[in-house]
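# Commentary on secondary and tertiary structure
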Amino acid sequence: MSTNLLMQFTQALSQKTIRVIDLTQPLQASTPILPLPPDFGQSWPFRLEEISRYDERGPGWYWNNFSCGEHTGTHFDAPIHWVTGKDHAHNATDSIPVDKFIAPACVIDVTEEAGRDADFLLTCEHVERWEAQHGRIPEGSWVLMRTGWSRHGASSAYLNLREDGSHVPGPHPELPEWLARERNVIGWGSEGVGTDAGQAFSFETPFPCHCHMHGANKFGLASLANLDQLPPTGAVLITPPLKIVNGSGSPCRVLALVEG
Ligand code: 23J
Ligand code: MN
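Residues numbered from 1 in each chain as written. Chains lettered and ligands numbered in written order. Predicted model: local features only at pLDDT ≥ 70, side-chain atom pairs only at ≥ 80, totals over all residues. Heavy atoms only, no water.

Looking now at the pattern of salt bridges. This model, assessed by the stated rule, comprises ten salt bridges. Arg57 serves as the salt-bridge partner of Asp55, at 2.8 Å between the closest nitrogen and oxygen. One salt bridge in this structure joins Glu131 and Arg183, with 2.7 Å as the shortest N-O distance. Taken as a pair, Glu131 in helix H3 (residues 124-134) and Arg183 in the loop between helix H5 (175-182) and strand E11 (187-190) lie far apart in primary sequence, 52 residues in all. Residue Glu131 shares its accessibility class with Arg183, and that shared class is buried. Each of the salt bridges in this network shares a partner with another, and the network as a whole consists of Glu50, Arg53, Asp55 and Arg57. (Salt bridge = Lys/Arg side-chain N within 4 Å of Asp/Glu carboxyl O. Helix = DSSP H or I, 4+ residues; strand = E, 2+ residues; numbered from the N terminus. Buried < 20%, exposed > 50% of the residue type's maximum accessible area, 1.4 Å probe, protein only.)

As structure tokens, then:
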């Protein structure tokens, strides 16, 4: 066994005592996009256009053009995404210090509650009960809400749209500010299309997770998958967004390292 930390780490990876879990949804034309009310600007869905595929357009090579909104599929939300986070230093995808892109995660399993109620909201009290079992959320941790929602994939049940909008579980309006202030988390992650609940546009403070997390210079992760493969504590996430200059977010290949 090497005494060098990074050599120990790569040995643990090759011996599979540390495993890598992919928390990313496939990114394709069918990837669900949150439709905002028609008076607002709209995000582009993911589109792939072939440039050449070992053919007359390029006999030896295959490549594509792609287009999409920054907040498409599994993605990272930077503080500059919300008006409350617009004046923080280093608040965009190109300026966030890169060490922020590796951080531990706490996973709160509410699969049962979310299965019973598409509008389930995770409260501070619920998180405190989780802490009584698993310990206090360490500063600088991601808090990931495990709902099982990613199992809906690209089906209509994922956005769960009704006449009054989307119905997807998310944080209770009071939780994001509490997590930012009282626990100093690095950010909030969810299996839904955005970090907020489906009905969050109609809350007293609309989109409280975006508002309070980004207002506190914290981050978001949306459309996460495979959270059922993570332990409640002890996983480490790798979440670098693309280095879009002044970007508000970007699709992200989110990886988790887990022991054992
Ligand atoms: C803009 C406005 C509202 C929302 C969102 C974007 C997202 O969900 C997002 O991906 O950041 S709720
Ligand atoms: Mn987003």
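Let us keep going from here.
What follows deals with the site of ligand 1. If you check the shell around ligand 1, you find Leu34, Leu36, His71, His75, Asp77, His81, Trp82, Gly194, Phe207 and His210 and nothing else. Contacts to ligand 1 include His75, whose side-chain N or O atom sits 3.1 Å from an oxygen atom. One of the side-chain N or O atoms of Asp77 is found 3.4 Å from an oxygen atom in ligand 1. Here ligand 1, which alone exposes 320 Å², has 84% of that area covered by the protein. (Near = heavy atom within 4 Å. Polar contact = N/O pair within 3.5 Å; in protein donor to acceptor, adjacent residues only side chain to side chain. Areas by Shrake-Rupley, 256 points an atom, 1.4 Å probe, with all protein chains shown as cover.)

A few words now on the packing of aromatic side chains. One pass over the full model with this rule turns up seven aromatic pairs. Ring geometry for Phe46 and Phe66: centres 5.7 Å apart, planes at 25 degrees, overall stacked. Here Phe46 is found in the loop between strand E1 (18-22) and strand E2 (47-55), whereas its partner Phe66 is found in strand E3 (residues 58-67), with 20 residues between them in sequence. You can call Phe46 buried: its relative accessible area is 9%. Given the relative accessible area of 54%, Phe66 is considered exposed. An angle of 80 degrees between the planes, with centres 6.4 Å apart, marks the rings of Phe76 and Trp142 as edge-to-face. Taken together, the residues span a long stretch of sequence, with Phe76 in strand E4 (residues 75-77) and Trp142 in strand E7 (residues 142-146) at a distance of 66 residues. Comparing Phe76 with Trp142 shows no difference in burial state: the two are buried. Its end group placed over the ring of Tyr62, Arg53 keeps NZ or CZ at 4.1 Å from the ring centre. (Phe/Tyr/Trp six-rings, centres within 6.5 Å; stacked < 30°, edge-to-face > 60°. Lys NZ or Arg CZ within 6 Å of the ring centre and 35° of its normal.)

Residues Leu34, Leu36 and Phe40 make up a contiguous nonpolar surface patch of roughly 250 Å² in combined accessible area. By the secondary structure assignment, Phe40 is in the loop between E1 and E2. The partly exposed category is assigned to Phe40, whose relative accessible area is 48%. (Patch = residues over 30% accessible without salt bridge, like charges linked within 9 Å, V, L, I, M, F, W, Y side chains within 5 Å.)

Quick look at the pairing of strand E5 (residues 102-109) now. Of the pairings in the sheet, the one linking E5 to strand E13 (residues 235-238) comprises four bridges and is antiparallel in character. Note that in E13 the partner of Ala105 across the bridge is Ala235. Summarising the sheet, E5 and E7 pair through five bridges and their orientation is parallel. Within the sheet, the bridge partner assigned to Val107 lies in E7 and is Leu144. (Pairing = 2+ DSSP bridges.)

Taking burial as the measure, the eight residues of helix H6 (residues 208-215) include six buried ones, the bulk of the element. Those residues of H6 that sit buried are Pro208, Cys209, His210, Cys211, Met213 and His214. Lining the buried residues of H6 we find E4, strand E10 (170-171), H5, E11 and strand E12 (219-222). (Contact = heavy atoms within 4.5 Å.)

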